[in-house]
Amino acid sequence: MDELSMNKNDTALSPDALVLGGSGERAPEVSVLEKGQAPFAADRRDSYLALFAFVLGFLFARWVLFAWQGWGVTLFTLVFCGSVTWYMQKKGVQVPRAGWFWLAVVLLLGLSFSLWTNNGLAPLTGLLLFCSAVYWILCATGLLIQGKTSDLLLLDGYNALLVIPFSNFGCQYKGLALLGSSKLVRGRQVFSIALGLFLAFIVAAMVLPLLMAADSGGFAKIINGLLDGFRGLGEKFWETFWQLVLAVPIAAYIFGLVAGSVHKRGAGLFEKDTTMQKISGLRRLPMTTVYILMGFLCTLYIVFIGSQTPYFFSAFAGQRPEGWQVYSEYARSGFFELCRIAVINLLVLTAANIMSQQHRRNCMFLKLLNALLALLTLVLIATAFSKMALYIGAYGLSMRRLLPCVFMIFMAVICGGVIALQKWSFSITRLAVGAGVIMFCMLCLANPDSLVARYNGDRYLSGTLESFDVEILYRAGPAGVDSALGIYEQTNDPALQFELKEYLLAQQQQAEQLAGEPGDSWERARARHSISEYFN
């Protein structure tokens, strides 16, 4: 739709006329040879990045890969963004405004890890951080197929995540070879020796267990004696060793993505004109078929809504319809079904506008059906939202109730965009991506776990919530400590006080274990201090 299919004028543009992110800057000319088959020609700056990529790979393996929490993620994000930005500037890359936008997204998401734990958003926060960092590099180097975020987002993502990094996976060692063979580094022999020892160490780790399995006894005694000496160093040695091993492929991936994007090598899998021609070839669905499908859905929803008006909209008034005695049964009945219907409607809108033989701008009836189906979807979303609000009013808030509400708001924005698209021309995909990323960044920085705990605690203390669910505090982690302390101090329920104390002591123990570790955060340190101060 924007557009589910692109403007004719857009398809006629040559690659050098593409505008990046609406910034007015033109993408650099990229030939097929430059984007695809040209050999990697490393220079001094590539050599420095190739060497520093090992540091980035090690930090990712040590602080990020198995944890995705705490100040370690934030520090890695800052180091990664700083080094990549320096490299791009030294290589003369002109970053468009859209590139700076995605850099800000990456930095804000990385910052949230050192502030809050955000247990309720895991693993979404880490996934979005990783994808945003990869997309930032593609956007900053002008390799988006349409020159900006477009309906070809999935192909751009495939390019950034898989094609470019693995097409340049071995290029890091070409940069290292230049570093070792030139006069840029006086101690190149030291580097060669260190690299040889490191590779020998890795091979030995694979070969020694096989030799010991085939040994009759003498060799195993020698190796076991050496290992006993290493065991004295503790488990940290082997932990660091495996992190160094993992750093090798991670570094190759990082260098392949960054250097490959800057050199525009391996990025020619999806040429703009060819891709748009293939997408245009999907327009095979007769307009009669599209009209019947969308007209049937619109009629079905109108009949459904009209036949249940008293029941369907009773949630807006905060009332249960007749025949429903329990809030939870009424609020949950049909809620997820309505959400699924809304998603299906958006998929139908997308498919119908991509595969119809005529573009919507040339067909007034298709525009009308698009707007009507989007409007009916908005009605369904609003009804589902009101049912969830009624459920929250009766039983309190939780992340499993908050996140669907945020998702419904996101879908409402898209439906509103679809309606506006029937009159104005813009990219609905760019709207969806921008709105989704901004909403999620705000959610990460707002500390939703603490919001949930504080909302339930305030309502319980004010008497509008019958009971307080301590399980929600455990899901929130350290984000629920302030609320738990407030309830513990004011409640007269001994059973609840006992449960709260158990939760607080468990959080204190966990926070003390992570004190000073990369998984620690400002919220966890604050919880550690608050609990210790209260009970001591």
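The structure presented is a predicted model; accordingly, all values stated were derived computationally and were not measured.

**Here we look at the overall build of the chain**
For the chain, the helix and strand inventory stands at 24 helices and 0 strands. Split into buried and exposed, the 536 residues of the chain put 45% on the buried side. Split by element, the accessible area of the chain, about 26500 Å² in all, is 65% carbon and sulfur.

**Observations regarding the pattern of salt bridges**
Within the structure shown, the criterion is met by 4 salt bridges. Among the salt bridges present, the one from Lys91 reaches Asp43, with a minimum N-O distance of 2.7 Å. With Lys91 in the loop between helix H4 (71-90) and helix H5 (97-115) and Asp43 in the loop between helix H2 (32-35) and helix H3 (44-64), the pair connects residues that are 48 residues apart, well separated along the chain. The exposure class of Asp43 is partly exposed, given its relative accessible area of 25%. For Asp46, the salt bridge identified is with Lys91, shortest N-O distance 3.3 Å. Of this pair, Asp46 sits in helix H3 while Lys91 is found in the loop between H4 and H5, placing the two residues 45 residues apart along the sequence. The structure contains a network of salt bridges with shared partners spanning Asp43, Asp46 and Lys91.

**Quick notes on helix H19 (residues 428-445)**
An ideal rise of 1.5 Å per residue puts 26 Å on 18 residues; H19 measures up with 26 Å between its terminal C-alpha atoms. Listed in full, the buried residues belonging to H19 are Ile428, Thr429, Ala432, Val433, Ala435, Val437, Phe440, Cys441, Leu443 and Cys444. Where the residues of H19 are buried, they touch H5, helix H6 (124-140), helix H7 (153-167), helix H18 (399-421) and helix H20 (448-462). One or two positions beyond H19, positive phi appears at Asn447, with a value near 55 degrees.

**Some thoughts on unusual backbone geometry**
The omega angle of the peptide bond from Ala122 to Pro123 is 0 degrees, so this bond is cis rather than trans. Locating Pro123 in the fold gives a position in the loop between H5 and H6. If you check the backbone angles, Asn447 has positive phi at about 55 degrees while not being a glycine. Mapped onto the secondary structure, Asn447 falls in the loop between H19 and H20.

**Points about the packing of aromatic side chains**
Tallied over the full model, the rule gives 22 aromatic pairs. With centroids separated by 4.9 Å and ring planes inclined at 65 degrees, the aromatic side chains of Phe241 and Trp242 adopt a geometry described as edge-to-face. For the pair Tyr534 and Phe535, a centre-to-centre distance of 5.1 Å together with 80 degrees between the ring planes defines the contact as edge-to-face. Members of the aromatic cluster, joined through ring pairs, are Phe60, Trp68, Phe76, Phe80, Phe113 and Trp136.

**A closer look at the environment of Ala61**
Take Ala61: it is sitting in helix H3. Residue Ala61 is classed as buried on the basis of its relative accessible area, which comes to 2%. Here the alpha-carbon distance between Ala61 and Trp242, two residues 181 residues apart in the chain, equals 8.8 Å. Once you skip the residues sitting within four places of it in the chain, Ala61 turns out to touch Phe66, Gln243, Leu246 and Ile250.

**A few points about H3**
Along its 21 residues, H3 runs 29 Å from first to last C-alpha, staying within 8% of the 30 Å computed at 1.5 Å per residue. Those residues of H3 that sit buried are Asp46, Ser47, Leu49, Ala50, Ala53, Leu56, Gly57, Leu59, Phe60, Ala61, Trp63 and Val64. One side-chain oxygen of the residue at the start of H3 lies 3.2 Å from the amide nitrogen of Arg45, identifying that residue as Asp43.

**Regarding a nonpolar patch on the surface**
A cluster of nonpolar residues, Tyr158, Leu162, Phe166 and Leu269, forms a patch on the protein surface that exposes about 400 Å² of accessible area. Looking at the element boundaries, Leu162 is found in helix H7.

**Quick notes on a negative patch on the surface**
Residues Asp469, Glu471, Asp493, Glu499 and Glu502 make up a contiguous surface patch of negative charge. Relative to the helices and strands, Glu502 is located in helix H23 (residues 494-513).

**Structural notes on the confidence of the model for the chain**
Averaged over every residue, the pLDDT of the chain is 83; residues scoring 70 or more account for 81%. Scored below 50 in pLDDT, residues 1-36 makes 91 contacts in the model with residues more than four places away or belonging to other chains.

**Structural notes on the nonpolar core**
Counting residues in hydrophobic clusters, the biggest one holds 99 residues, and the most contacted among them are Phe80, Trp136 and Met408. Per element, the largest residue contribution to this core is 11 residues, and it comes from helix H17 (residues 364-395). Not counting the four nearest positions on each side in its chain, Met408 is found in contact with Phe335, Cys339, Ile381, Ala384, Phe385 and Met388. Core analysis: the second largest hydrophobic core is formed by 16 residues, Phe468, Leu485, Ile487 and Ala527 among them.

**Some words on the state of the cysteines**
A complete count under the given rule lists 0 disulfides for this structure. In this structure Cys441 is a free cysteine whose sulfur lies 6.3 Å from that of Cys444, the closest cysteine sulfur available. Given the relative accessible area of 8%, Cys441 is considered buried.

**Comments concerning the packing of H4 against H5**
Close contact between H4 and H5 brings their axes to 6 Å; oriented N to C, the two are set at 155 degrees. Considering their axes alone, H4 and H5 lie roughly antiparallel with respect to each other. Considering only the axes of H4 and H5, their crossing is left-handed. Every residue of H5 that contacts H4 at Trp71, Val73, Thr74, Thr77, Leu78, Cys81 and Thr85 is listed here: Leu103, Val106, Leu107, Gly110, Leu111, Phe113 and Ser114. Here the contact of H4 with H5 is built from residues that sort into 9 nonpolar, 5 polar and no charged.

**Looking at the environment of Leu514**
Residue position: Leu514 is located in the loop between H23 and helix H24 (522-535). For the pair Leu514 and Gly70, spaced 444 residues apart in sequence, the C-alpha to C-alpha distance is 9.3 Å.

Parameters at a glance
Residues numbered from 1 in each chain as written. Predicted model: local features only at pLDDT ≥ 70, side-chain atom pairs only at ≥ 80, totals over all residues. Heavy atoms only, no water. Helix = DSSP H or I, 4+ residues; strand = E, 2+ residues; numbered from the N terminus. Buried < 20%, exposed > 50% of the residue type's maximum accessible area, 1.4 Å probe, protein only. Areas by Shrake-Rupley, 256 points an atom, 1.4 Å probe, with all protein chains shown as cover. Salt bridge = Lys/Arg side-chain N within 4 Å of Asp/Glu carboxyl O. Expected span 1.5 Å × (residues − 1). Contact = heavy atoms within 4.5 Å. Phe/Tyr/Trp six-rings, centres within 6.5 Å; stacked < 30°, edge-to-face > 60°. Polar contact = N/O pair within 3.5 Å; in protein donor to acceptor, adjacent residues only side chain to side chain. Patch = residues over 30% accessible without salt bridge, like charges linked within 9 Å, V, L, I, M, F, W, Y side chains within 5 Å. Lys, Arg positive; Asp, Glu negative; His and termini not counted. Charge placed at Lys NZ, Arg CZ, Asp CG, Glu CD. pLDDT = per-residue confidence, 0-100. Core = buried A, V, L, I, M, F, W, Y, C linked by side-chain atoms within 4.5 Å. Disulfide = S-S within 2.5 Å. Axes fitted to C-alpha atoms, helices over the stretch in contact; angles between N-to-C directions. Parallel < 35°, antiparallel > 145°, perpendicular 65-115°, else oblique. Left-handed = near helix turned anticlockwise from the far one by under 90°. Nonpolar A, V, L, I, M, F, W, Y, C, P; charged D, E, K, R; others polar.

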